[in-house]
Amino acid sequence: MSGRDGYRSMWESMYGQCDAIVFVVDSTDQMRFAVVKDELDMMLRHPDVADRPDLPILFVANKTAAPDACGASAMAGALKLHEHMEQDRPWRLASTDAVAVPGQPADDGLNDAMEWLAELVKFTRQR
């Protein structure tokens, strides 16, 4: 779902039905990291997420090839991912760039991250 203001209220109606969460953050919009962190905090406190510690979350730092992009580790620090994510909750941070650049390889970590997520969902469903 989109992160636009009008759509965020719909997120919580989906939490109980999802097998995983993909949380995409624009790494060039560092001014909004505080808003993103607040939304992340609310999501993690929601009972349908908080009561499911096995629900994997994939964080995607988007637009990382842009000159004004924040690095993935700096973004993780700004969002306090290492502090907020429970030890037993599977999570991962991937860097990517949604805009394809002709002549540049597309190996940006997203494929590996999505495979990781798919394997976790598959494992969880088998239990």
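Residue positions are given per chain, counting from 1 as you read along its sequence in written order. Local features in this predicted model are restricted to residues whose pLDDT is 70 or higher, and side-chain atom pairs enter the listing and the counts only when it is 80 or higher, whereas totals over whole chains, interfaces and linings include all residues. Side-chain numbers come from the whole structure's heavy atoms, not from hydrogens or water.

J.: How should I be thinking about unusual backbone geometry in this particular structure?
T.: Most peptide bonds are trans, and most residues other than glycine sit at a negative phi. Despite not being glycine, Lys63 has its phi angle at roughly 65°, a positive value. Each helix corresponds to a stretch of at least 4 residues labelled H or I by DSSP, and each strand to a stretch of at least 2 residues labelled E; elements are numbered beginning at the N terminus. With respect to the secondary-structure elements, Lys63 resides in the loop between strand E2 (57-62) and helix H4 (72-79). Relative accessibility decides the category of a residue: with a 1.4 Å probe and only protein chains considered, values under 20% of the type maximum give buried, values over 50% give exposed, and everything between is partly exposed. Exposure remark for Lys63: the relative accessible area of 34% places this residue in the partly exposed category. Positive phi is not limited to glycine here, since Lys80 has a value of about 55°.

J.: Quick question: what am I supposed to make of the nonpolar core here?
T.: For soluble globular proteins, nonpolar side chains are generally found buried alongside one another. Residues Ile21, Phe23 and Met43 are the most contacted members of the largest nonpolar core, which totals 22 residues. Residue assignment for this core shows that the elements contributing at least two residues are strand E1 (21-26), helix H2 (33-45), E2 and H4. Per-element tally for this core: the top contributor is H2, with five residues. The contact partners of Phe23, leaving out residues within four places of it in the chain, are Trp11, Val36, Leu40, Met43, Leu58, Phe59 and Val60. Residues grouped as a nonpolar core are buried Ala, Val, Leu, Ile, Met, Phe, Trp, Tyr and Cys residues, joined through side-chain atoms within 4.5 Å. Whether two residues are in contact is decided by their heavy atoms: any pair within 4.5 Å suffices.

J.: Can you walk me through the sheet that holds E2 in this structure?
T.: Whether parallel or antiparallel, the strands of a sheet pair through hydrogen bonds between backbone atoms. Taken together, three strands build an open sheet; the order of strands is E1-E2-E3 and the sheet is parallel. What marks the edges here is a single partner per strand, and that holds for E1 and strand E3 (91-95). The mean angle between the axes of side-by-side strands here comes to 20°, regardless of whether they run parallel or antiparallel. Inter-axis angles, ranging from 0 to 180 degrees, are taken between N-to-C directions of lines fitted to C-alpha atoms, where helices are fitted over the stretch in contact. Along the sheet face, H4 touches E1, E2 and E3 and points at about 135° away from the line of E3. Two strands qualify as a pair provided DSSP detects at least 2 bridges between them.

J.: Is there a simple way to think about the pattern of salt bridges in this case?
T.: One side chain can pair with another of opposite charge once the charged atoms of both are near each other. Salt bridge, as applied in this entry: a Lys or Arg side-chain nitrogen positioned within 4 Å of an Asp or Glu carboxyl oxygen. Overall, the coordinates contain three salt bridges when judged by the stated rule. Between Asp29 and Arg32 there is a salt bridge, and its shortest N-O distance comes to 3.8 Å. The class of Asp29 is partly exposed, set by a relative accessible area of 27%.

J.: Would you mind showing me how to read the pairing of E2 here?
T.: Consecutive side chains of a regular strand alternate in pointing toward one face of the sheet and then the other. Counting buried positions along E2 gives six out of six residues, so the element sits mostly inside the fold. A two-sided burial pattern is seen for E2, the buried positions comprising Ile57, Phe59 and Ala61 on one face and Leu58, Val60 and Asn62 on the other. Here six bridges tie E1 to E2, and the two strands are oriented parallel to one another. Bridging across to E2, Ile21 finds its partner in Ile57. Alignment of E2 against E3, held across five bridges, turns out to be parallel. When the bridges of E3 are listed, Val60 appears paired with Ala94.

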